[in-house]
Amino acid sequence: MTLLQAINKAMAEEMERDDRVLILGEDVGKNGGVFRATDGLIERFGERRVVDTPIAESAIIGAAVGMAAKGLRPIAEIQFMGFIFEAMDEMAAQAARIRFRSAGAVTAPMVIRAPYGGGIGAPELHSDSLEAHFIHSPGLKVVMPSTPFDAKGLLTAAIRDPDPVLFLEPMKLYRSFEEEIPEEPYSLEIGKAEVRKEGADVTLISWGPPVHQCLRVAEKWENEKAISVEVIDVRTLAPLDRETILASVRKTGRAVIVHEAVKTGGAGAEISAIISEEAVYSLSGPIVRVGGFDTPYPPASLEMQWLPTDERIEEALEQALEE
C-alpha cells in the first residue's frame, strides 16, 4: 500500500470495529478528501459517520471536542496544516487541557489529521511544518509517520487512544512508494522511535520526509567514506522517545538532527537540549541541526532550496565529525 491507502484502511477498519468512530472535515465525504484519504468511506458508512463540514476549522475541531467529551471518537481533518491556526484555541486550550481541567472526569479521545510538508509545489499556507506549536501543548500527542506501515499502525493507535492526538501526514510521501502491510489490523506504540539503520560513528535523527533523505545519505557515506551512520525515525514528537535517542547518541558520540520546519524553536532544538542535558559527556563533537530557514515558507519556485537538502545534511555530518 501507499501511505495514503494505509491511512484510509486504518480509518475503515476502526470505523468497522467501533461505531463510535466518525470522520468530519471539509470535502471528506462525497469528494473523499482533497487527497482522497477518505475515499469510499461515505458510501460504506453513511453521511452520519462521514460528515462534510463548512470551511471553518475552529468549528470542525470545536465540534470534535464536544463529540469526544460525550463519548464518541471523532477523526477531524484539517485540509492542510497551514490552516490549523484557526483551530489553535480548540486544540490547545480545550482538547489538550480537558483531562487536566476536569481532574480526569472528562477526556477527549479524538484524532486531528492534517497533511503537511513541502516538495509538491503547493500554494502558500499549504506546506508548512508546524509541529513545534503543538509539542508545547501538554495533553496533546503529536505523531508524524514516514512510512505506510507506520502510518497505519500509528493511526490505529491514535484512534484508540483516550486522549487527543494530532496526526500529521507528509503530503510528499502520500503516493511516493508502496510497502507491504499486514492484512489483519495492528497498532504501533505511540511514543516509540524506530532505528531505521544501525550505525556506529554518528546519529542522524529525523521524522517525516527527511527520514528518507537521511537514509540515502547514510548509505552513501557508508559506501563512499566508510562512515557508519545510524538513522533514527522519531515517529512521535509528543511523547518523545528520549531513551532510543540517548542510547544511540551515547553509542555514536555524535548527533545531527534534520527536520523540515523552521530551525529556530523547532523540535530539533528540544532534542538537542535533551542530548546536551543528559548525554553531554558522551559527545565527541557538536550537535548539529538542519532545518528550514527562518522565513515564511517560500513560493514553489524556491522551496527545494529552502527545505533540507542532501548536501546540507552531508555538510552537517562533516561538522559533527570534526575532531
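Structure first, text after, so check above.
On a predicted model such as this, the values are computed, not experimentally measured, just so you know.

Conventions used here
Residues numbered from 1 in each chain as written. Predicted model: local features only at pLDDT ≥ 70, side-chain atom pairs only at ≥ 80, totals over all residues. Heavy atoms only, no water. Axes fitted to C-alpha atoms, helices over the stretch in contact; angles between N-to-C directions. Helix = DSSP H or I, 4+ residues; strand = E, 2+ residues; numbered from the N terminus. Parallel < 35°, antiparallel > 145°, perpendicular 65-115°, else oblique. Left-handed = near helix turned anticlockwise from the far one by under 90°. Contact = heavy atoms within 4.5 Å. Nonpolar A, V, L, I, M, F, W, Y, C, P; charged D, E, K, R; others polar. Buried < 20%, exposed > 50% of the residue type's maximum accessible area, 1.4 Å probe, protein only. Pairing = 2+ DSSP bridges. Salt bridge = Lys/Arg side-chain N within 4 Å of Asp/Glu carboxyl O.

### Topic: the packing of helix 1 (residues 3–17) against helix 7 (residues 148–160)
Line of reasoning, step 1. Interaxial distance between helix 1 and helix 7 falls to 8 Å at its minimum, and their mutual angle equals 30 degrees. Here helix 1 is positioned roughly parallel relative to helix 7, judged by the angle of their axes. Regarding helix 1 and helix 7, the two cross each other, and that crossing is right-handed. Facing helix 1, whose interface residues are Leu3, Ala6, Ile7, Lys9, Ala10, Met11, Glu13, Glu14 and Arg17, helix 7 presents Pro148, Ala151, Lys152, Leu155, Thr156, Ile159 and Arg160.
Line of reasoning, step 2. Grouping the amino acids of the contact of helix 1 with helix 7 by side-chain chemistry returns 9 nonpolar, 1 polar and 6 charged.

### Brief notes about helix 9 (residues 242–252)
Line of reasoning, step 1. Inspection of helix 9 places Thr244, Ile245, Leu246, Ser248, Val249 and Thr252 among the buried residues, and these make up the whole buried set.
Line of reasoning, step 2. Against strand 7 (194–197), strand 8 (202–206), strand 9 (229–233), strand 11 (255–262) and helix 10 (267–279) lie the buried residues of helix 9.
Line of reasoning, step 3. Remark: Gly253 follows helix 9 within two positions and exhibits a positive phi of approximately 80 degrees.

### Considerations on the pairing of strand 9
Line of reasoning, step 1. Counting buried residues in strand 9 gives 5 out of 5 residues, a clear majority hidden from the surface.
Line of reasoning, step 2. The side-chain alternation of strand 9 yields two buried faces, one formed by Val229, Val231 and Asp233 and the other by Glu230 and Ile232.
Line of reasoning, step 3. Both strand 7 and strand 9 contribute to a ladder of 3 bridges, which runs antiparallel. By the bridge assignment for strand 9, Val195 is matched with Ile232.
Line of reasoning, step 4. Of the pairings in the sheet, the one linking strand 8 to strand 9 comprises 5 bridges and is parallel in character. Counterpart to Thr203 in the pairing with strand 9 is Glu230.

### Structural notes on the pattern of salt bridges
Line of reasoning, step 1. Evaluated as defined, the whole model comprises 22 salt bridges.
Line of reasoning, step 2. The residue Arg20 makes a salt bridge to Asp18 at a minimum N-O spacing of 2.9 Å.
Line of reasoning, step 3. Measuring nitrogen to oxygen at the nearest pair gives 3.9 Å for the salt bridge that ties Arg235 to Glu194. One end of the pair, Arg235, is in the loop between strand 9 and strand 10 (236–238); the other, Glu194, is in strand 7, with 41 residues separating them in the sequence.
Line of reasoning, step 4. Assessed through its relative accessible area of 6%, Arg235 is described here as buried.

Don't take any of this as a statement about function, it's just geometry.
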